[in-house]
Amino acid sequence: MKIIKILFIKIVKLYQIGISPWIGNNCRFIPTCSNYMISSLKKWNLFKALFISIIRIIKCNPWGPSDWDPIQKNPFN
């Protein structure tokens, strides 16, 4: 599992370097969704990290909230 987590982190970093500068700064949250995913992959197991990262990306829409949203001890609150 550790190799898969490292692979996901590398993919997100590749996105941050190669794709994100072309799209622009559109994230509504601090930290950005990609930084949130990297941090969650480092903190939790793969499935929980992917689940909360997908929930975070779904919340990042024009009608959703925007604010400081750090990784919490229990992300389901």
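Everything in this summary refers to the structure shown in the same document. Please read these numbers as outputs of a predicted model, since none were measured by experiment.

1. Points about the overall build of the chain
Here comes step 1: The secondary structure content of the chain amounts to 4 helices and 0 strands.
Here comes step 2: Walking the chain from its N terminus toward its C terminus, one meets helices and strands in the order α-α-α-α.
Here comes step 3: Summarising its shape, the C-alpha atoms of the chain cover approximately 35 × 35 × 15 Å along the three principal directions.
Here comes step 4: A burial count over the chain gives 26% of its 77 residues as buried.
Here comes step 5: Taking all contacts inside the chain whose residues are at least 6 apart in sequence as the whole, residues at least 24 apart take part in 72%.

2. As for a nonpolar patch on the surface
Here comes step 1: A cluster of nonpolar side chains, contributed by Phe51, Ile54, Ile55 and Ile58, occupies part of the molecular surface with about 390 Å² of accessible area.
Here comes step 2: For Ile55, the position within the fold is in helix H4 (residues 46-59).
Here comes step 3: A relative accessible area of 38% means that Ile55 is categorised as partly exposed.

3. Here's the deal with the nonpolar core
Here comes step 1: Core analysis: the largest hydrophobic core is formed by 8 residues, namely Ile9, Val12, Met37, Ile38, Leu41, Leu46, Ala49 and Leu50.
Here comes step 2: Those elements giving two or more residues to this core turn out to be helix H1 (2-18), helix H3 (33-43) and H4.
Here comes step 3: Residue contacts for Leu41: discarding those within four places in its chain leaves Lys5, Phe8, Ile9, Leu46 and Ala49.

4. Some details on the layout of surface pockets
Here comes step 1: Of the voids in this model, the largest pocket is the one considered here, and its volume is about 320 Å³.
Here comes step 2: If you go around the largest pocket, you meet 15 residues; those closest to its centre are Tyr15, Ser20, Cys27, Cys33 and Ser34.
Here comes step 3: Those elements giving two or more residues to the lining of the largest pocket turn out to be H1, helix H2 (20-23) and H3.
Here comes step 4: Here the residues of the lining of the largest pocket are counted per class, giving 8 nonpolar, 7 polar and no charged.

5. What to know about the packing of H3 against H4
Here comes step 1: Contact pair H3 / H4: the axes reach a minimum separation of 9 Å and the direction vectors enclose 160 degrees. With respect to each other, H3 and H4 are oriented roughly antiparallel. Note that H3 runs across H4; the crossing there is right-handed. Between H3 and H4, the residues in contact are Cys33, Tyr36, Met37, Ser40 and Leu41 and Leu46, Ala49, Leu50, Ile52, Ser53, Arg56 and Ile57, respectively.
Here comes step 2: Classifying every residue of the contact of H3 with H4 by side-chain character gives 9 nonpolar, 2 polar and 1 charged.

6. Quick look at the environment of Phe29
Here comes step 1: Mapping Phe29 onto the fold places it in the loop between H2 and H3.
Here comes step 2: Each C-alpha atom of the pair Phe29 and Tyr15 lies 17 Å from the other, and the pair is 14 residues apart in sequence.
Here comes step 3: Among residues more than four places away in sequence, those in contact with Phe29 are Arg56, Lys59, Cys60, Pro65, Ser66, Asp67 and Asp69.

How each quantity is defined
Residues numbered from 1 in each chain as written. Predicted model: local features only at pLDDT ≥ 70, side-chain atom pairs only at ≥ 80, totals over all residues. Heavy atoms only, no water. Helix = DSSP H or I, 4+ residues; strand = E, 2+ residues; numbered from the N terminus. Buried < 20%, exposed > 50% of the residue type's maximum accessible area, 1.4 Å probe, protein only. Contact = heavy atoms within 4.5 Å. Patch = residues over 30% accessible without salt bridge, like charges linked within 9 Å, V, L, I, M, F, W, Y side chains within 5 Å. Areas by Shrake-Rupley, 256 points an atom, 1.4 Å probe, with all protein chains shown as cover. Salt bridge = Lys/Arg side-chain N within 4 Å of Asp/Glu carboxyl O. Core = buried A, V, L, I, M, F, W, Y, C linked by side-chain atoms within 4.5 Å. 1 Å grid on protein atoms, 1.4 Å probe; cavity = no way out; pocket = protein on both sides within 12 Å on 5 of 7 lines; lining within 4 Å. Points joined across faces, edges and corners; volume = space filled by probe spheres on them. Nonpolar A, V, L, I, M, F, W, Y, C, P; charged D, E, K, R; others polar. Axes fitted to C-alpha atoms, helices over the stretch in contact; angles between N-to-C directions. Parallel < 35°, antiparallel > 145°, perpendicular 65-115°, else oblique. Left-handed = near helix turned anticlockwise from the far one by under 90°.

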